[in-house]
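Here is how the chains run, residue by residue.
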Amino acid sequence: MLLSGGSDSRLTLAALRAADRDVHCYHLADWVNPEARIARRVATAAGVPITLLRRGREYQANTLRKTPRAGNFVGYFNQMHAAGFEETLREEVEYLFTGHYGDMLFKGNHIPTPTIELGGLGSFPVPVEEEVESVEEYVAGRVSAAPAYIRDALSRDMDDVYAANVSREGEGIVDHGVAYGSLREATICSRCPLTNGTSQFFYYGTLQMMPSGTLFLDNRLIDLFLSTPASSLLRGNLIGKTIEYLDPDLAKIPHGSTNVPLSSPAALQPIGRIATAFKRRHLSKPLEEPHWTAGPWTDHAELIRSQGFVRETIDEHEELIRSLPFLSWEGVNECYRNHLDGADNLAALYTLVTFLRMPLTRRLAHAERSVATTPHSGIESVPRS
């Protein structure tokens, strides 16, 4: 299984060990950072072997050339996190487990909450549900501004495009064909169906790589999520308490992002997160590479600025970009240039390069050009099956 220094995969490990399963853990990292060391502590406490899968400097560039083949127009290429180690994993394990969707179901990170800004200390959410009172407010929380490369192609604002597929039905609401009993229910369940979230590419893509899955996708746990009060999801530390129930020794080990044991009171977790983030940002020595972090994830925003693979992908597909009516070559360059100058266009750029690298994109674009340039004979043809 893929083991981080956090809690979701730790609970998965505790459950598998409680079921007396043989487990081999793998941890992904750019270097042997604090999170990697905590993951090793967890594996040692559980009595299972662990292997560090260290991403090389060209890992993300190589992944971009590989993972879009599994793309389905949702998510970014890098979310198929272990794709670069496919051969190793397929040779060494029968089934790959992850802790995916644990946070979505039992940490309340999908529930709207107010945020307190602390300047140099960063920001943190207040664990109190923020009510969504109108369809307009609901829609505004579901969309973001269009990136520069499709902005000029839109005849309507993104809010209007989304709102056209949302309707009231009595006390309920229908969002793109999915019926919810109330506006609040639609907000709480905003990531259901699971294809609503960009991280779905992690689950979907990894399934294309090898037999894999997550223990959290169980109908009984979905029912538990739906019946759990929002206040418990936001403040209850349900994941940590369950780990403590299954294996107290694992719960005593700190979380990689907070340096606070999972068995500690829930109120200490956000305080530890703020203190740890401040220490890493302002008191730690500069890392060897600008895209390295103390956690499990690459700093992709900085990676785009320090490496050229995104620019190379854009230039390689200039003809394709210019041929698609909803993309603007000038807008693509504006989006990339602004990111280099400090804007946060990570999502827009990774969405674009994933889309450009998908074989299906090139196939559809070629088919559209063929239809546009083929003279119409006036005779309708029926394609053979």
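Residues numbered from 1 in each chain as written. Predicted model: local features only at pLDDT ≥ 70, side-chain atom pairs only at ≥ 80, totals over all residues. Heavy atoms only, no water.

**Notes on the packing of helix H1 (residues 8-18) against helix H2 (residues 34-46)**
Step number 1: The N-to-C vectors of H1 and H2 enclose an angle of 15 degrees; their axes lie 11 Å apart at closest approach. Judged by the inter-axis angle, H1 sits roughly parallel to H2. As H1 runs across H2, the sense of the crossing is right-handed. Of the residues in H2, those touching H1 at Arg 10, Leu 13 and Arg 17 are Ile 38, Val 42 and Ala 46. (Axes fitted to C-alpha atoms, helices over the stretch in contact; angles between N-to-C directions. Helix = DSSP H or I, 4+ residues; strand = E, 2+ residues; numbered from the N terminus. Parallel < 35°, antiparallel > 145°, perpendicular 65-115°, else oblique. Left-handed = near helix turned anticlockwise from the far one by under 90°. Contact = heavy atoms within 4.5 Å.)

**Overview of the nonpolar core**
Step number 1: With 44 residues, the main nonpolar core has Leu 3, Leu 13, Cys 25, Tyr 138 and Ile 173 as its most contacted residues.
Step number 2: Residue assignment for this core shows that the elements contributing at least two residues are H1, H2, helix H5 (102-106), helix H6 (135-142), helix H9 (183-188), helix H12 (230-235), helix H13 (238-246) and helix H14 (248-251).
Step number 3: Counting residues per element, this core draws most heavily on H2, which supplies 5 residues.
Step number 4: In this structure Leu 13 touches Met 1, Leu 3, Val 23, Cys 25, Val 42, Ala 46 and Val 48, once residues within four positions along its chain are discounted.
Step number 5: Core analysis: the next-biggest nonpolar cluster, separate from the first, contains 27 residues, Tyr 149, Leu 324, Val 332 and Ala 365 among them. (Core = buried A, V, L, I, M, F, W, Y, C linked by side-chain atoms within 4.5 Å. Buried < 20%, exposed > 50% of the residue type's maximum accessible area, 1.4 Å probe, protein only.)

**Re a negative patch on the surface**
Step number 1: Negative charge collects at one region of the surface, where Glu 130, Glu 131, Glu 133 and Glu 137 lie side by side.
Step number 2: For Glu 133, a relative accessible area of 66% translates into the label exposed. (Patch = residues over 30% accessible without salt bridge, like charges linked within 9 Å, V, L, I, M, F, W, Y side chains within 5 Å. Areas by Shrake-Rupley, 256 points an atom, 1.4 Å probe, with all protein chains shown as cover. Salt bridge = Lys/Arg side-chain N within 4 Å of Asp/Glu carboxyl O. Lys, Arg positive; Asp, Glu negative; His and termini not counted. Charge placed at Lys NZ, Arg CZ, Asp CG, Glu CD.)

**Quick notes on the packing of aromatic side chains**
Step number 1: In the structure shown here, the tally under the stated rule is 9 aromatic pairs.
Step number 2: Ring centres of Tyr 59 and Phe 85 lie 5.3 Å apart, and the angle between their planes is 25 degrees; this geometry places the pair in the stacked category. Remark: Phe 85 occurs in the loop between helix H3 (59-66) and helix H4 (86-92) and Tyr 59 occurs in helix H3; sequence separation between them is 26 residues. Residues Tyr 59 and Phe 85 agree in their burial class; the two are buried. (Phe/Tyr/Trp six-rings, centres within 6.5 Å; stacked < 30°, edge-to-face > 60°.)

**Section: the pattern of salt bridges**
Step number 1: What the rule picks out here adds up to 14 salt bridges.
Step number 2: With its nearest N and O atoms 3.4 Å apart, the salt bridge here joins Arg 57 to Glu 289. With Arg 57 in the loop between strand E2 (50-54) and H3 and Glu 289 in the loop between helix H15 (268-283) and helix H16 (300-306), the pair connects residues that are 232 residues apart, well separated along the chain.
Step number 3: Under the relative-accessibility criterion, Glu 289 is labelled buried at 18%.
Step number 4: With a closest N to O distance of 2.8 Å, Arg 220 and Asp 218 form a salt bridge.
Step number 5: Connected through shared salt-bridge partners, Arg 57, Glu 58 and Glu 289 make up one network.

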